[in-house]
Amino acid sequence: MPRLASALVLLTAMGLVGATYQDYGIAWDEGVQARYGELVLAYFRSGMVDDRANDLFSLRIYGPLLESAMALVYEGTPDRRFEIRHGLTALFGLLALPALALCARPLRRPWLGATAGVFLVTMPRFWGHLFANSKDVPFAAAFSLAMASLAGLLTRTDYPWRLALACGGALGLAGAIRPGGLPLLMLLLAGVLAYRVYSAQRDGTARRGPWIDTTLEGALVVAVAWAVNFFNLKLSLDQYPFLPFVGTVTS
């Protein structure tokens, strides 16, 4: 029943998005964000030669994954670019709802996910930003998914490799939207893995020794996160050698 309630909250929110996404105005910076996505597409299509995306204000410090994906969707109907952007941004942002439900599982509060979802979608600021804020809302959704997977890793006594894959995907996705959030997420991952080592040593649950299992699991998470974030290509190692996950399209 709680899972059904969470699903109903999500479906209701998706229905509202579908019914209203064409009726929202354009945010003050949305035109620039759209142009950035278009220039990132030009960058890849030119064989990474056309680097005009780097000269568009300071947008090179943001991850281009979502912006360029939306530009790819609407390039056949440029006169509807903003309506399409609003719909896609909102649907991506609603991924925060299943993330809330997943976060509730380890707490053994079955109704917490549905309740939190209702509170979130009825928050005026969240719903107001849901359609036009293509930086913060999608990052919040990806961050929530990463936190949900980290919570799962923290509370499991076995070594769930599928959960590690999901965690790496969520971390990479968050970094591909707002690279500045990755250091915090990686610190949280380090804390979770350290706690797993401690728990395995205390309870004797590791199969090959806690350090081996945890190192393999952590390496898988980081490898998947890197692969997802590699969409940003040229990882700016020359300019930011201490932040190899910074996802900027640099020359």
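It should be noted that the structure appears before, not after, this text.
Residues numbered from 1 in each chain as written. Predicted model: local features only at pLDDT ≥ 70, side-chain atom pairs only at ≥ 80, totals over all residues. Heavy atoms only, no water.

## Examining the side chain of His86
- By the element assignment, His86 lies in helix 4 (residues 81–93).
- Side chain to side chain, His86 and Glu30 meet in a polar contact 2.9 Å long.
- His86 has contacts with Tyr21, Tyr24, Gly25, Glu30, Phe131 and Ala132, leaving out every residue within four places of it along the chain. (Helix = DSSP H or I, 4+ residues; strand = E, 2+ residues; numbered from the N terminus. Polar contact = N/O pair within 3.5 Å; in protein donor to acceptor, adjacent residues only side chain to side chain. Contact = heavy atoms within 4.5 Å.)

## Things to note about the nonpolar core
- Counting residues in hydrophobic clusters, the biggest one holds 40 residues, and the most contacted among them are Val17, Leu97, Trp127, Leu130, Phe131 and Leu171.
- Core analysis: the second largest hydrophobic core is formed by 7 residues, Ala53, Leu56, Leu59 and Tyr62 among them. (Core = buried A, V, L, I, M, F, W, Y, C linked by side-chain atoms within 4.5 Å. Buried < 20%, exposed > 50% of the residue type's maximum accessible area, 1.4 Å probe, protein only.)

## Focus on the packing of aromatic side chains
- Tallied over the full model, the rule gives 4 aromatic pairs.
- Ring centres of Tyr43 and Phe44 lie 5.2 Å apart, and the angle between their planes is 75 degrees; on these two criteria the pair is classed as edge-to-face.
- Accessibility expressed as a relative area gives 0% for Tyr43, which makes it buried.
- Exposure remark for Phe44: the relative accessible area of 28% places this residue in the partly exposed category.
- In this structure an aromatic cluster arises from ring pairing among Tyr24, Trp127 and Phe131. (Phe/Tyr/Trp six-rings, centres within 6.5 Å; stacked < 30°, edge-to-face > 60°.)

## Observations regarding the pattern of salt bridges
- Counted under the stated rule, the structure contains 8 salt bridges.
- A salt bridge links Arg35 to Glu38, with the shortest nitrogen-to-oxygen separation between them at 3.6 Å. You can see Arg35 and its partner Glu38 sitting in helix 2 (residues 30–45), 3 residues apart, about one turn around the helix.
- A relative accessible area of 37% places Arg35 in the partly exposed class.
- Note on Glu38: relative accessible area 22%, which makes it partly exposed.
- For the salt bridge of Glu38 with Arg81, the shortest nitrogen-to-oxygen distance reads 3.4 Å. Of this pair, Glu38 sits in helix 2 while Arg81 sits in helix 4; the two residues are 43 residues apart in sequence, bridging distant segments of the chain.
- We classify Arg81 as partly exposed; its relative accessible area is 25%.
- Shared partners join several salt bridges into a network, and the residues in it are Glu30, Glu67 and Arg85. (Salt bridge = Lys/Arg side-chain N within 4 Å of Asp/Glu carboxyl O.)

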